[in-house]
Amino acid sequence: MYNRILVPIDGSAHSQHALRIACQLLEGNDSTLHLLHVPEALTYAATLVWGLGAVNAEASNGEREALGKQLLEQAAKSAAEYGARHVENQLIQGDPVRVILATAEECHADAIVMGSRGLSDLGGVVIGSVSHKVSHLAKCHVITASQ
């Protein structure tokens, strides 16, 4: 079990599944769940989970950030329903791999729990997936969740 878990949230079904698993792995009432969203420009319209609608490929940074904040709020509500008592949200711009790794170090995460596939998975086929890179570079445990 873990005291500090980082869960990158992108709105995909895989990240929602990772959130459920992370909540089950929290050690106790003093454990903290860190939710992270890294807004990305997508090359295609993608439907977000948790009823927030679709992200248009032409969406501005501001629009992606606003949707990201809504996504984090909904994920925090879901985490509370799954039993998490302490939840912290962060929305950070940048390269997803670098942001995830830096955030894990900053929050002293015992583990990162993330979906094995996300909304940017089409690009991942060519350049390597975010979860694959994080699992090789992280200084803590990395648990990838697939459905």
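Preceding block: the structure.
Residues numbered from 1 in each chain as written. Predicted model: local features only at pLDDT ≥ 70, side-chain atom pairs only at ≥ 80, totals over all residues. Heavy atoms only, no water.

Trainee: Break down the pattern of salt bridges for me, with residues and values.
Mentor: Within this structure, the stated rule accounts for two salt bridges. With its nearest N and O atoms 3.6 Å apart, the salt bridge here joins Asp-110 to Arg-4. Within this pair, whereas Asp-110 is found in the loop between α3 (96–106) and β6 (111–115), its partner Arg-4 is found in strand β1 (residues 4–8), the two being separated by 106 residues in sequence. One salt bridge in this structure joins Glu-105 and Lys-139, with 3.5 Å as the shortest N-O distance. Of this pair, Glu-105 sits in helix α3 while Lys-139 sits in the loop between α5 (130–137) and β7 (141–145), and the two are 34 residues apart along the sequence. The exposure class assigned to Glu-105 is partly exposed, which follows from its relative accessible area of 45%. (Salt bridge = Lys/Arg side-chain N within 4 Å of Asp/Glu carboxyl O. Helix = DSSP H or I, 4+ residues; strand = E, 2+ residues; numbered from the N terminus. Buried < 20%, exposed > 50% of the residue type's maximum accessible area, 1.4 Å probe, protein only.)

Trainee: Describe the packing of α3 against α5, and please don't skip the residues or the numbers.
Mentor: For the pair α3 and α5, interaxial distance at closest approach is 9 Å and the crossing angle is 40°. Between α3 and α5, the crossing angle belongs to the class labelled oblique. Judged by the sense of rotation from one axis to the other, the crossing of α3 with α5 is right-handed. Listed contacts from α5 to Pro-96, Val-97, Ile-100 and Leu-101 of α3 are Val-130, Lys-133, Val-134 and Leu-137. (Axes fitted to C-alpha atoms, helices over the stretch in contact; angles between N-to-C directions. Parallel < 35°, antiparallel > 145°, perpendicular 65-115°, else oblique. Left-handed = near helix turned anticlockwise from the far one by under 90°. Contact = heavy atoms within 4.5 Å.)

Trainee: An account of the nonpolar core is requested, with residue identities and associated values reported.
Mentor: By size, the foremost hydrophobic cluster in this structure holds 20 residues, and its most contacted members are Ile-5, Val-7, Ile-9, Leu-19, Leu-33 and Leu-35. Those elements giving two or more residues to this core turn out to be β1, α1 (13–25), β2 (32–37), α2 (61–81) and β6. Here this core gets five residues from one element, more than from any other, and that element is α2. Discounting chain neighbours no more than four positions away, the residues touching Ile-5 are Ala-22, Leu-25, Leu-26, Thr-32, Leu-33, His-34, Ala-111 and Val-113. (Core = buried A, V, L, I, M, F, W, Y, C linked by side-chain atoms within 4.5 Å.)

Trainee: Break down the sheet that holds β6 for me, with residues and values.
Mentor: The strand order across the open sheet built from five strands is β5-β2-β1-β6-β7, with neighbouring strands paired in parallel fashion. Two strands lie at the open edges of the sheet, namely β5 (86–91) and β7, each paired on one side alone. The sheet shows a mean angle of 20° between the axes of neighbouring strands, direction not considered. Each of β2 and β5 is contacted by α2, which is oriented at about 165° to β5, the strand it contacts most. Here α5 sits on the sheet in contact with β6 and β7, set at roughly 165° to β6. (Pairing = 2+ DSSP bridges.)

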